[in-house]
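Remarks on the overall topology
These are the residues of each chain, in order.
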Amino acid sequence: MRGEARETRQHNFERSDFGVLEKPKSDHLFSDPFLMREKNDFTVLEPPESNHEVNDPLPAENIKCFHVISAENRDFPSILHCKLLVKPDIIMSWNMRYVAVGNEPFLTSYSGQYQPYVMPALLNLQQSLAKVNLASYVKLVVPCNADAYEAALPSQGAFRPELTQIMTQLVSFLNSNGSPFVVNIYPFLSLYGSSDFPQEHAFFEGTSHSVTDGSAVYNNAFDGNFDTLVAALSKLGYGQMPIVIGEVGWPTDGAISANLTAARTFNQGLIKNVLSNKGTPLRPGVPPMDVYLFGLLDEEAKSTLPGTFERHWGIFSFDGQAKYLLNLGLGSRRLINARNVEYLPSRWCVAVPARDLSAVESHMKLECSVADCTTHGYGGSCNGIGAKGNISYAFNSYYQVQMQKEQSCDFDGLGMVTFLDPSMGECRFLVGVTTSSATSFSQLQHSSAIVWIWIRILISWRVWICVI
């Protein structure tokens, strides 16, 4: 019965901690981001590619890690009929924790197309885990978007009416198997999507736009969103279910309010808020079980369909350099940049000043389809450099992606190479990294893996195969 209190199973997880998510979709990445992750106490938790298996021993002794495998929504049909083969000894020694089944399958924009697959997929994978006596150890989760629930006030939170049945089944399954509810919360998207959303309310530094809900006062959107989920779970009888924040972050470019200052303010405020252990009005003293910041690196090859900001969520730029100061709650420790990154020579491709650029449109389409031009958009860091500046930026982005090949700066005589940095203000003209430091886009573009990074641990390897 809805609203009836149900016993919530004991969840044997450790205290709240922070991690960082990485989705490696970029045209040029330095080849050894592991060094950067290690220096920052990050652990790579990498899902497997199809038909791969790793039997290698751990790279060091006494390493504790959390390993998360993720299946994309498009994989649901195959998951219904596959067997998950595991090596129990490796899983136990590596402390594998989660299998993420799908990613935000209940989004409104999907119109319910994945709903019929969720529970059968979970049950099939759970049976596979049970066969190797790992059902009580490895937890299946379904990361959900915050649009799965709604309310005018947090205490009135409820799952969308069309999701009531599937969410009741899902939450019951999660509770029965000791799994947390995983949700992705993005206050930035609330701000980006509504001109009426008060900007101050998206951050944690206090606001003149507090939301009063009975005796509770919400000074930021994150806490209000979190408690809306708590209320929705309570209506199903699972008000004490542990909650993991699967994705949360702030982009640094590509839109109004997407900048370095805002990103640092939000992420630092979030870390401080969670690590204070003050919790929320509906869960005082109980912060989210775990929080994953999105993301580690910028992704110059990511789809911009949701917005041009989508390529700029990284805490680090593509070359492993921290974009801003961020204290991760590790005492005085700050982010540490990647070291020994090998850059291409300091030269750039720009538009020839004296040439007529009226015929440049066809070149721009090519360049911006291959390289990243999202900083040109309204609110972007290069929006104010003028038409010729934008052309030069596009020329240079393409030139760097093409590893500074001489012919890649021709553009029918409209481009020229310069040794003077053409960067203007906040608009940074990039220099690429060498082939020895880069991972080609062709190696990355077919990867559907979501790499989960966990703070305070080292590295793990792939141990799963799905056999149809």
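1. Focus on the overall build of the chain
Helix and strand counts for the chain come out as 11 helices and 22 strands. Within the chain, buried positions represent 56% of all 468 residues. Considering only contacts in the chain between residues 6 or more positions apart, those separated by 24 or more positions represent 78%. Total accessible area computed for the chain in this model is approximately 20,400 Å², and 51% of it derives from carbon and sulfur atoms.

2. Thoughts on the nonpolar core
In this structure, Phe-159, Met-167 and Phe-181 are the most contacted members of the largest nonpolar core, which totals 72 residues. If near-sequence neighbours (up to four positions away) are discounted, Phe-159 is found in contact with Ala-148, Tyr-149, Thr-164, Met-167, Phe-181, Leu-229, Ala-232, Leu-233 and Leu-236. Grouped together as the second largest cluster of nonpolar side chains are 15 residues, Leu-357, Cys-373, Ala-394 and Phe-411 included.

3. As for helix α10 (residues 386-401)
The end-to-end C-alpha distance of α10, which contains 16 residues, comes to 23 Å, matching closely the 22 Å that a straight helix rising 1.5 Å per residue would cover. Of all 16 residues in α10, 12 are buried; the element is thus mostly enclosed. Buried residues belonging to α10 abut β18 (348-351), α9 (361-370) and β19 (415-418). Phi turns positive one or two residues past the end of α10, at Met-403, with a value near 60°.

4. What to know about the packing of aromatic side chains
Enumeration according to the criterion identifies 20 aromatic pairs in this entry. Between Phe-203 and Phe-266, the ring centres sit 6.5 Å apart and the planes meet at 70°, which makes this aromatic pair edge-to-face. With a gap of 63 residues between them, Phe-203 in the loop between α6 (187-193) and β12 (211-213) and Phe-266 in helix α8 (residues 260-275) connect regions that are remote in the sequence. There is no split in this pair, since Phe-203 and Phe-266 are both buried. Seen in terms of ring centroids, Phe-309 and Trp-313 are 6.0 Å apart; in terms of plane orientation they differ by 85°. Their pairing is edge-to-face. We note that Phe-309, like Trp-313, is buried. Here a set of aromatic residues connected by ring pairs shows up, and it is made of Tyr-186, Phe-188, Tyr-192, Phe-203, Phe-204, Phe-222, Trp-250, Phe-266, Phe-294, Phe-309 and Trp-313.

5. Description of unusual backbone geometry
Glycine aside, residues mostly have negative phi, and peptide bonds are mostly found in the trans state. Each neighbour pair has its own omega, and for Phe-294 with Gly-295 the value is 0°, a cis peptide bond. Residue placement: Gly-295 occurs in the loop between β17 (290-294) and β18. The backbone of Glu-104 sits at a positive phi, close to 55°, despite the residue not being glycine. Topologically, Glu-104 is positioned in the loop between β6 (98-101) and α4 (115-131). Owing to a relative accessible area of 11%, Glu-104 belongs among the buried residues under this scheme. One non-glycine residue, Gln-404, adopts positive backbone phi at about 60°. Mapped onto the elements of the fold, Gln-404 is located in the loop between α10 and β19. On the accessibility criterion, Gln-404 (5% relative accessible area) is buried.

6. Digging into the pairing of strand β14 (residues 243-248)
Where burial is concerned, most of β14 is hidden: six out of the six residues are buried. Across four bridges, strand β11 (residues 181-184) lies against β14 in parallel orientation. Looking across to β14, one finds that Asn-184 is bridged to Glu-247. Relative to β17, β14 runs parallel, the two sharing three bridges. Bridging from a neighbouring strand, Val-248 pairs with Leu-293 of β17.

7. Points about the confidence of the model for the chain
Across the chain, the average pLDDT comes to 80, with 74% of residues at 70 or higher. Note that pLDDT drops below 50 for residues 1-5; the model gives that stretch 11 contacts with residues more than four away or on any other chain.

8. Examining the pattern of salt bridges
Counting across every chain of the model gives eight salt bridges. Asp-298 serves as the salt-bridge partner of Lys-323, at 2.6 Å between the closest nitrogen and oxygen. Here the residue Lys-323 occupies a position in the loop between β17 and β18, and Asp-298 occupies one in the loop between β17 and β18, the gap between them amounting to 25 residues. Asp-372 is the salt-bridge partner of Arg-311, the closest N and O atoms lying 2.9 Å from each other. Here the residue Arg-311 occupies a position in the loop between β17 and β18, and Asp-372 occupies one in the loop between α9 and α10, the gap between them amounting to 61 residues. With respect to class, Arg-311 is no different from Asp-372; both count as buried. Residues joined in a network through salt bridges with shared partners are Asp-147, Arg-160 and Glu-162.

9. Some words on helix α5 (residues 164-176)
In this model α5 runs 18 Å from its N-terminal to its C-terminal C-alpha over 13 residues, within 8% of the 18 Å that 1.5 Å per residue would give. Within the span of α5, buried status applies to Thr-164, Ile-166, Met-167, Leu-170, Val-171, Phe-173, Leu-174 and Asn-175. Tucked into the core, α5 has its buried residues touching α4, β7 (139-141), β8 (144-145), β10 (158-159), β11 and α7 (221-235). Positive backbone phi, at 70°, marks Gly-178, one or two positions downstream of α5.

10. Quick notes on the packing of α4 against α5
One way to put it is that α4 packs onto α5 with a least axis distance of 10 Å and a crossing angle of 15°. The angle between α4 and α5 places the two elements in the roughly parallel class. When the axes of α4 and α5 are compared, the crossing they make is left-handed. Residue-level inspection shows Gln-115, Met-119, Leu-122, Leu-123 and Gln-126 of α4 in contact with α5, the latter providing Ile-166, Gln-169, Leu-170 and Phe-173.

11. Side note on the packing of α9 against α10
Where α9 meets α10, the closest approach of the two axes is 9 Å, and the angle between their N-to-C directions is 50°. The angle between α9 and α10 falls in the class oblique. In the crossing of α9 with α10, the sense of the turn from one axis to the other is left-handed. Residues His-363, Met-364, Leu-366, Glu-367, Cys-368 and Val-370 of α9 lie in contact with α10, whose contacting residues are Asn-390, Ile-391, Ala-394, Phe-395, Tyr-398 and Val-401. Residues that form the contact of α9 with α10 fall into these classes: nine nonpolar, two polar and one charged.

Conventions adopted
- Residues numbered from 1 in each chain as written.
- Predicted model: local features only at pLDDT ≥ 70, side-chain atom pairs only at ≥ 80, totals over all residues.
- Heavy atoms only, no water.
- Helix = DSSP H or I, 4+ residues; strand = E, 2+ residues; numbered from the N terminus.
- Buried < 20%, exposed > 50% of the residue type's maximum accessible area, 1.4 Å probe, protein only.
- Contact = heavy atoms within 4.5 Å.
- Areas by Shrake-Rupley, 256 points an atom, 1.4 Å probe, with all protein chains shown as cover.
- Core = buried A, V, L, I, M, F, W, Y, C linked by side-chain atoms within 4.5 Å.
- Expected span 1.5 Å × (residues − 1).
- Phe/Tyr/Trp six-rings, centres within 6.5 Å; stacked < 30°, edge-to-face > 60°.
- Pairing = 2+ DSSP bridges.
- pLDDT = per-residue confidence, 0-100.
- Salt bridge = Lys/Arg side-chain N within 4 Å of Asp/Glu carboxyl O.
- Axes fitted to C-alpha atoms, helices over the stretch in contact; angles between N-to-C directions.
- Parallel < 35°, antiparallel > 145°, perpendicular 65-115°, else oblique.
- Left-handed = near helix turned anticlockwise from the far one by under 90°.
- Nonpolar A, V, L, I, M, F, W, Y, C, P; charged D, E, K, R; others polar.

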